[in-house]
Amino acid sequence: MNSISQSFKSKNIYSYTLDELMGLLEPSFRAKQIYHWLYHQYETDFGNMKNLPKNLREALANTFEITHLEIIKCQQSQDGSKKYLFKTRDQHTFEAVLLKMRDKKIRQDGSIQEGEKWTICLSSQIGCRVGCLFCYTGKGGFIRHLESGEIVEQVVQIKRDNYISPHKRMNIVYMGMGEPLDNLDNVSMAIRILSELEGLSISTRRQTISTSGIAPKIEELGRMNLGVQLAISLHAVDDELRSKLIPMNRAYNIEKVLSQVRAFPVDSRKRVMFEYLMIKGVNDDLKSAKKLLQLLDGIKSKVNLILFNPHEGSEFERPNLDDVRKFADFLIHKGLLCTIRESKGLDISAACGQLREKISKENVSYETF
Ligand code: SF4
């Protein structure tokens, strides 16, 4: 007998873990076959899932839907990064970015193997209610959470669009539009689905949640013990400046955020990433670097310095590279792991919300391609 239980939670097939799908199907092994079609073949039509009986294919098509997102714009940067603008079924738009990075591995014999590393930056909400001063998305306000299936589908569509093999290792960062911890139920479900071994098999250790610092949600995420990595948008070393940049700091100040980070279960091979957005003349001096060092004392951390990416109407400026290097050198000299993030996709408005904003200003008519 091939049948589907009537108690299903969503029409979006990407919203289901393998166990959930197995619980709905009789016989349950059909779920693995469906997972294979969805995540290894990137199939979008139940009718083409040829190893399933015809009556099951029809029942699936009557119960579930596969495609919920439409790619309406894709911009490719000179550095190989691609920014996607997706449209949801209820006609909202949001972004995701495919980042291509050089990867170097040192072989046992000391020779260097060069390759490519892919990271997908996902959105978790349409809009955002955190309202960071430097962010386009924050300015547009909050519209709604993305469902877990809509988060998972971003990865499937980007992999399909770039012919990326299902077995190719990927990193995921929840750093696109929205605050992932404000949508923790759906984001944590998406993390589980993306890590399914029968599906995309993206280990939770390769998935990083980047948060502006909702302290109680960091605690809740820690209790889930997913094995996911944590990145904190710190950006400032004093509460006055941080509250200006991230208004939520008034509720969860630096001390509250760092105390939850100290309690967070970090994989022994990993570190908590602290994002520090360097803004010219605001937080790029050595006094700030010293304070940062003190704040992170005792946390297994690494600091990622991000150069502010100016956009139209912004009151902030990009810092001088010399100041950024001095800042980084100071931290490294003191024993802290510190990187300067290469600004990927500067020519494609890659900071969150910028493509969506640009499109709505230009009043571009959408085309599928
Ligand atoms: S930076 Fe992130 S958390 Fe802040 S407003 Fe933008 S999307 Fe929201």
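You'll find the structure just up there.
## Some details on the overall build of the protein
What the protein contains, in helices and strands, is 12 helices and 14 strands. Here the protein holds 369 residues, and the buried ones make up 53% of them. When contacts within the protein are restricted to residue pairs at least 6 apart in sequence, long-range pairs at least 24 apart make up 65% of them.

## Considerations on the packing of aromatic side chains
Ring pairs (aromatic) are described by centroid distance and by the angle formed between their planes. For the structure on display, the rule yields seven aromatic pairs. An aromatic cluster is built from Tyr14, Tyr35 and Tyr39, whose rings are joined through pairwise contacts. Over the face of the ring belonging to phenylalanine 142 we find arginine 129, whose NZ or CZ atom lies 4.4 Å from the ring centre.

## Brief notes about empty space enclosed by the protein
The final tally for this structure, using the stated rule, is one cavity of 30 Å³ or more. Leu221, Gly222, Asn225, Leu226, Gly227, Val228, Phe264 and Pro265 together form the lining of the largest cavity. Counted by class, the lining of the largest cavity contains five nonpolar, three polar and no charged residues.

## Re the pairing of strand β12 (residues 272-278)
Counting buried positions along β12 yields seven of seven residues, so the element is predominantly enclosed. Across the two faces of β12 the burial is the same, with Val272, Phe274, Tyr276 and Met278 and Met273, Glu275 and Leu277 all buried. Bridge analysis of strand β11 (residues 229-233) against β12 gives three bridges, and the strand direction is parallel. Residue pairing for β12: isoleucine 232 is matched across the bridge by phenylalanine 274. Relative to strand β13 (residues 301-307), β12 is paired through seven bridges, and the arrangement is parallel. Pairing of phenylalanine 274 across the sheet is with valine 303, part of β13. As a crossover connection, the stretch from β12 through helix α10 (residues 286-295) into β13 is right-handed.

Conventions used here
- Residues numbered from 1 in each chain as written.
- Predicted model: local features only at pLDDT ≥ 70, side-chain atom pairs only at ≥ 80, totals over all residues.
- Heavy atoms only, no water.
- Helix = DSSP H or I, 4+ residues; strand = E, 2+ residues; numbered from the N terminus.
- Buried < 20%, exposed > 50% of the residue type's maximum accessible area, 1.4 Å probe, protein only.
- Contact = heavy atoms within 4.5 Å.
- Phe/Tyr/Trp six-rings, centres within 6.5 Å; stacked < 30°, edge-to-face > 60°.
- Lys NZ or Arg CZ within 6 Å of the ring centre and 35° of its normal.
- 1 Å grid on protein atoms, 1.4 Å probe; cavity = no way out; pocket = protein on both sides within 12 Å on 5 of 7 lines; lining within 4 Å.
- Points joined across faces, edges and corners; volume = space filled by probe spheres on them.
- Nonpolar A, V, L, I, M, F, W, Y, C, P; charged D, E, K, R; others polar.
- Pairing = 2+ DSSP bridges.
- Right-handed = clockwise from strand over helix to strand, strands pointing away.

This is a description of form; function is not addressed.
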